[in-house]
Every structure is written in C-alpha cells, then in structure tokens.
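# Structural features, examined
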Amino acid sequence: MDRLRNYICPFFLSLFCSAVFSQQTERLPCIINGHILSNSGESLNGAIVILKQKEGFKTLSFSITKNDGSFQLKLNTDSIHSPISINVEMSGYQSTLMELSSEKICNTEKFSITLQPSAKQLREIVIKAPPVPIKNKGDTIEFNAKAYMNPQTRKLQDLFANMPGFQVSADGKISYNGKEVEKILIEGEDLAEKNYKLISRNLNAAWINKVQLLNNYNDDPLLKEVFQSDKIGINITVNEDVKNKLTGTLNTGMGTRSRVSADNSLIFLQDKIKWLSFLNYNNTGDQADADLGYFYNNDDPGQVGQGFNNEELLQTGQVFPPELSNQYIRNNTEFAGAAIASWKTGKYGKMKTMLSHSNDHLRNEAGGLQQTFLPDGAQWLIKQNQFALAESRRWYGIVSFNHDNKADNVGYVSVDGINSKKRDQYSNSVTGEIVDSAFEDLKGENFALHVKGYETWKHSPGKVITLSYNASYDHINNGFNATTSRYIDYFKIDSSRVKFLQQLIRKNFTAMTEVGWFVRKKKIDYGIKWKTAFVHADYISQSKAFDKLNNSSELSSQESKATSINNSITGTSFKQISRKQVVNITAMIGLQQFNINDNQKTVNRLLPVFTAVLKYIYSFKPNQFLNAQFQSSGGNLRFNMFFPDSMISGNASVMQPADTLVAPVVNSINLQFVSYNVYKASSLLVTFSYSYASKEYIQTTDVYPSYILTGYFPISGNRHMNVLVNTEKYVGALKVKFIAQPSMMVFRTNMIINGLSSNNNMSTTRLMGKMITALKWPVNVELFGTAMYVRNKTRPVNGDWIAQEFWQYQASSKVKVQLSDKLYIAVLYQYRQLAKPSRFQTMDLFGQYIVGPSLRFSVNVHNLFNSPALVQQFVTASQYGEQRFELMKRYVLLKVDWSF
C-alpha cells in the first residue's frame, strides 16, 4: 500500500503543477521597478507605492520602499483595461500621482519619483490620564497640586488647606501632622528664609505643579550628611509654562461700603535668575503685610534673648477679638509690597536681595464687663467700652551671598535692616464700681541692623566642621502720653493728675558665635558645639505727670544698663538602634553672667545653665511611629522680658523690675503617636504633653482696680498638661472625608503679684468635627462643628475658691455647586454661641465665572445676615469677663482676575 501511495501521489501532483504552469504561461507578466527620493536626494524608506487602474480606481498592485528607497510592482498585462497611475504616500511628504500608458507600462525602465515635504501637520493626539495625587520617594512625599485645586483655591495656603495631613492656622502657620513647617522653597531655592508666609499668602496656586514635603530637612547639604534633622521643609515646583518668562496675575475688586481690594503677583524663574514680587492693598479685612516683621527675629543665642523683634515696640490698649475670619473682625486699610530676586554669580555663588514695605491702619471696637479677683480677696466688677487704633509703617531690606561647591565648603552671609514707625491710640470708658475714662496715645520708632552667617567645611568623609555667627543692633524710641481722671494707687496717680507722659529709649546690641564638630559613623551621629553669646542693653526712661492746672511733677527718671554673657557646650548623639528604633540625646551645660545697673540697685548673678533632651522614636511601620521626649532645663533667664521699673500706663506692655527675674527649672514630657496613609488621605495624630516649672514667667492681664495691665509675672509650681487627638479618614465608598479633633488642656499655677500669691486652676475640653464630600455630582458639602467647655477656679490668699464655667459652640456648613465647567457657586452659613444668650450667625455667598484660561469674574456677598457684633467669654488666671466686638457690616464685592 505504501509503495502504491509513493507512485500515485507524485503522479497527480505533477499533473496539477503542469496545469498551473500552462495557465501562467498564457499570461504576459509585467514588473515595474522604481526608486523614491526626497527633495534633498535622500532615499526614503517606508513609502507606500500603489498601482491603480483609473477606471473604477481598482488597485492592481502595491509595494513599500526598502531601506535604499527601491520598490517593485508585479502585475499581469491581461488585467490592464484602462490608463494606470502610481500613487506614492508617506508621512511628512506630499502625495504624488504619476500616470503611465497601459501600452508602454511593461516597457518602462526603472524610474525615480521625488516627494516634496508636506506643510500639513498631523493633529496631535493627547492621551489624558487622571493625575496621580501622591508619590512617596524616600524622605520626600510629592503631591500633585492639580488634584487638590478647586474654584476657591487662589493662593498657596489655600492649596495646603485642601491637602491631606496639612493644617493652616488662623495666623498663617503651616503644619504637617502636627509639626510646623520650617521653610518653603521654590524650585529648590530658599527665597523668603523662615518667613514662608510671604510665599504661602501670595504665591498664585494656579502656577504650582508639585508640592514636595521634605522630611529630615536641613539647609546645609554638608551638615545633612552627618546630622539627622527632625525638621520639615516644603519645595514647590511650578508649571513649565511659568518658567523662562514673566508671568503674573492681577486681581482687583470693588464693592459697596467703599470696599476695595487689589492683589498683584509677578514671577520670573530661570536656572540662573529668580524673581518674585507681590503688591497687596485692601480694606476687606485681609492681612496684607504677610508678616513682614517676622524677618527680623534673631535665633535665640543660648536662650538669653530673642534679639530684636519689631513687635517689641510697646503697644497701648488693644482689642483681642475671637477667632473669626479676618473679613468679619478687621476694620482695616492695608498696603504691602515685596520684591525678591536671586541670581547666580559664577559657578558656585548666588546673590539674593529683598525689599519690602508695608503700611497698616487697623481699627477695632469692643465693650463688655470684667470681674477681677485680687490676691487680697478683693473683687472689681466693671463695664467698659474700648476703642483701639493702630497704624504702622515698615521698610525692610536684605542682601545675602551664598556659596556652595557641593563638595568641601558651603556658606552664607547676609546683612538686613528694618525701619519701623508705629502709632497706637486707645480710649477706654469705664462704669460700675468706679466711673473712669482714659485716652492713650503711643508713638514708637525703631531702627535695626543685623548681620549673620555660617560656614561648613567637610573635613573628611563623615566629618564636618561648622561656624555660625550673628550680630545685631537695634534702637527703639517710644513716647507715651495718657489723659485720665481716675485715682489708681498702683500707679500713684490721684484725681488731681490728669495727664501723664513717658519716654522710653532702648539701645540693644547682641552677638553670638558657635563652633561645631559633627561625625557620622555607620548608624550613629554625634556632635559637639561651643557657643558664646553676648547681650548688652541701655535703657533711658523718663515719666512726668500733670495736674488740672498743668503743673508737672517728675514721677521717675532712670537709666539702666543690662549685660548678659553666656558660654555653653552642647553635645548631641543620634543612634539608629535598629530598623525600627532611634534614640537622640542632647545635653547642654554652661554659665550665664547677668548684670543689671540702674539708679536704685545693682544686680549681679552667675548662674549655671543646663538643658537635657532625650528623644526616642519607634516605627511600627514606615508611616506609623511613636515619638517620646523628655526635657529638663534650668538657669535660663528671660532677658528679653526686662524693662526698667517705671510706670507704663494703660494696656501698654510692661515688664517687671530686675529683682523679680527668675531662673526656672522646667521639666517636660511629650508623647506623640502618628499614623498616616497619604494615598488614602487618612491619618491619626495623638499628642500628650506635661510640664512642671519651679519658677517662671506667665503673661497675664489684670485690672488695678479698673485699668487693664498686660505684663509678665513670676509664678511657681506651674503645671501644664495638654492632650490632642486629630484623625482624618477618607471613605472611598462614600466619597466622604471625616475629620475629628478632641482636645483637653489643664493648667495650674501659683501666681505672685506684688508679693501676694493666688492659686489658679484652669481647664478646657474641646471637640471638633468636620465632614467633606467629594462626590461626582455637581453639588458637594462641607460640615463643621465644635464645642468647648471652659472651667476656671481662682483662690486668693484670703478667700474661697471662685469658679466660672461655660460652654461655647460654633458650626458652619458650606454648599458648593459646580453648575458647569465655567460656573461655580458656594454658600457658607455660620452659627456661633460664644456667650449666652448672645448668638452669632451669618451667611456668605460666592460665585465665579471663568471666561477663559486667563480671565475670570467673581462676586462675594459678605455677612448677609448683617450680624453687628459678637459676644465672647474669656478667662485669665485672675479674671473673668465678656466682651462685645463690633463686626464689619454687610457688603458686596465684585472681582476680576486676569493672568498672563
């Protein structure tokens, strides 16, 4: 059978092949060869060549050119019935059509076809994917800014408020998981130093691309190699369309009741040059100066003093309203402007300059009652009406140079100065047990100059030497006058003296140097620092009083000199015990020489100074850890709390005389548990702190007998405990984020006033909750509520315990409606009960229409219910009271926002 198959199959196969061959030989084969070239003569690979029949557009054959641009077309002549054409197509070139005669097609020799470039561009295909909101890269957590934008996000601090883990306080402080941010960088560069508010309050949120949270942040790249930092920094990257060109925004608004606002921002960013400028003007309650006075605040030289701070200008009476939005409580007219520029000078150098100016006018009104418990058991109950007006004008400038070769040496030096003028007016009319009235006016001026810098050298791998220094000079001149008709034994003024004048001049010089040696070996870091700090201050104080007949009498005239020298040595060690456990130990010991000379006495003290800190960190998971810290310190005199023993009237700041200066021993313990999942927008923060101080100062407010005095008083046995829990949870199934924050504070102290002591126990319990929806619907809501219970017990030397207790509530709801891509509406309702039976409620409306990428219009209807005032309850260590605060009236504000 196999043999038969071997003969039969080849036979039939040969018959089939013969038939096919005979059919092919009956047709006339035709082969066309060619070459496709560009207009520059280059061979084109991948061009499509199609041979078509003109009638019916029938395709006869096709080919694709090879690497050398050649092609070959095969067809049968019996299929040709009409004229034939060759069509050549290729991306980026114009299509070419060549007709061939059907009679001569097979006789055509090899030919070339040249293609011309096409001016027609293919349409761009954009594949859009939802942005990944969060990425974790080692010590850096990167947030995609666009994922947290909404129509009401105008500035950088608005963006932070939308991001998980971030908290923005009413005064603009930014924290992440309970820890305040150290600095905000722009494209890796520090433009505003520690005053990040200048950036967060002014930088346009629409310019921002990424927000990078930097754990273990350190300014010094060399020091970072050998020193473990627990600080947090933020780096901002901007959109590509903002770089390498001048970009800006202009937001202006006009409304009823003469309300106006203007906000201008300009930015120019390049690799070698960076420039920012901001201009703000408004009378709608917003703070325009972005805390410019914060710039001139020296680092603490051995806790001897804080150097110069612009707020050390004395202040007369102030009205301290409750924590409401600025648009309700600040009757203001403010202007502020700042310009910052940095540029590279050579391969490793960089210069930076800044100039800023602000002009503020702020007015507040309040009225209420106050009950004061004096140490001798007496009580004063008064009613009063207050009016405060504050005006200030500031100029600030800085020039700095930074060099960084990223290998052996980095350094920084800066010179900055400030000139400030301030005027406060305060009037207070009192009725009750004493009928009284007072008018106060204070004018202050200061000039200050400051030099600081540091150098870091890399001695060898894992070993670094540091040198830091700063020096400052400031001159403060305060002139104070008051008119009163009261009798106050505390101030030695009776009803016959109705006018009072005082001049206080202060000249202050500080200097500090610090040398450090830091080493890193395997999993342990250790270092040692030697610090020397010097502070000298001269005070001149003159006080006069005038009676009704304008006869003057000198109350006091004295000159004081104060000098402090502090030498200390500090050792620190950071040990990575295991993958989960870290221990950090810091110990400082030194001596402080303190000398005060005035007209009446001389005080000389030599005190030991010490500080010991033990930190322990246990990581359950990479994003779940427990921090424990114990700290003990003693001998640190608060030099910046000293002023001469002179009479300063009203609510002006006053310091105790030198003989009441104390050196407290303070022991404290802090526990913190943090657990967060940035991808699920969930976190849990639990903090507990307790401190005990043998002696220290407390800032308090008292009435003698009907006159408000803010000062620093020594206390003993101060015990302070604070518990805070903050939890955030995003429920994906419901598209809802929940935030809950319970807290408790307990404060106990024994205060000493004029040699008499009084006991005080104060406690507060607070519960806050918030809910935010993120539905796909056009309507979303935010709900917020908080309740606080306050209890205050005071016992004078002669008397029984006196207790005050009350509840305060507040709630708000916000409805957001996205009617279309261009139209957005929001309604905000607020309810507050801060003192029974007074209630405060209001409604605000916001609408925005987007005309295009660079133009939008908005409208604000503010305080729709027109609540005229708000009553706030308050307590201090020896006082209870209620105050009625005047609020801003209803107004409508129209705004236009243009960007380029």
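Residues numbered from 1 in each chain as written. Predicted model: local features only at pLDDT ≥ 70, side-chain atom pairs only at ≥ 80, totals over all residues. Heavy atoms only, no water.

### A few points about the pattern of salt bridges
- A full pass over the atoms with the stated rule returns 20 salt bridges.
- The salt bridge involving R330 is made with E334; its shortest N-O contact spans 2.5 Å.
- Measuring nitrogen to oxygen at the nearest pair gives 3.5 Å for the salt bridge that ties E514 to K531. With E514 in strand β25 (residues 497-521) and K531 in strand β26 (residues 524-547), the pair connects residues that are 17 residues apart, well separated along the chain.
- The buried category is assigned to K531, whose relative accessible area is 16%.
- Beyond isolated ion pairs, a larger network of salt bridges with shared partners links R154, K155 and D263. (Salt bridge = Lys/Arg side-chain N within 4 Å of Asp/Glu carboxyl O. Helix = DSSP H or I, 4+ residues; strand = E, 2+ residues; numbered from the N terminus. Buried < 20%, exposed > 50% of the residue type's maximum accessible area, 1.4 Å probe, protein only.)

### What to know about the sheet that holds strand β15 (residues 232-238)
- The strand order across the open sheet built from five strands is β8-β9-β14-β15-β13, with neighbouring strands paired in mixed fashion. Taken across any chain shown, the strands that pair with only one partner, and hence form the sheet edges, are β8 (134-137) and β13 (183-186). Averaged over all pairs of adjacent strands, the angle between their axes in this sheet comes to 20 degrees, without regard to strand direction. (Pairing = 2+ DSSP bridges. Axes fitted to C-alpha atoms, helices over the stretch in contact; angles between N-to-C directions.)

### A look at unusual backbone geometry
- Phi at R257 is positive, roughly 55 degrees, even though this residue is not glycine.
- One non-glycine residue, S258, adopts positive backbone phi at about 60 degrees.
- Residue position: S258 is located in the loop between β16 (247-255) and β17 (260-269).

### Re the packing of aromatic side chains
- Scanning the entire structure with this criterion turns up 15 aromatic pairs.
- Taking 6.2 Å as the distance between ring centres and 80 degrees as the angle between the ring planes, the aromatic pair formed by Y176 and Y676 counts as edge-to-face. In this pair, Y176 is assigned in strand β11 (residues 174-176) and Y676 in strand β32 (residues 665-677), connecting sequence segments 500 residues apart.
- When its relative accessible area of 12% is taken as the criterion, Y676 is described as buried.
- Each ring, one from Y618 and one from F620, has its centre 4.9 Å from the other, and the planes form 70 degrees; the classification is edge-to-face. (Phe/Tyr/Trp six-rings, centres within 6.5 Å; stacked < 30°, edge-to-face > 60°.)

### Quick word on the nonpolar core
- F143, F160 and I184 are the most contacted members of the largest nonpolar core, which has 46 residues in total.
- The element contributing the most residues to this core is β15, with four residues.
- Apart from residues no more than four positions distant in its own chain, F160 is found in contact with F166, V168, I174, I184, V211, I234 and I236.
- Counting 18 residues, the second-largest nonpolar core is a separate cluster that includes L44, V49, L60 and L75. (Core = buried A, V, L, I, M, F, W, Y, C linked by side-chain atoms within 4.5 Å. Contact = heavy atoms within 4.5 Å.)

### Overview of the confidence of the model for the chain
- Scored by pLDDT, the chain has a mean of 79; 80% of the residues are at 70 or more.
- Here residues 120-130 is a poorly scored stretch, pLDDT under 50, and it has one contact once near neighbours within four places are set aside; other chains count.
- A low-confidence stretch, residues 295-311 stays under pLDDT 50, and its non-local contacts, those more than four residues away or across chains, total 62 contacts. (pLDDT = per-residue confidence, 0-100.)

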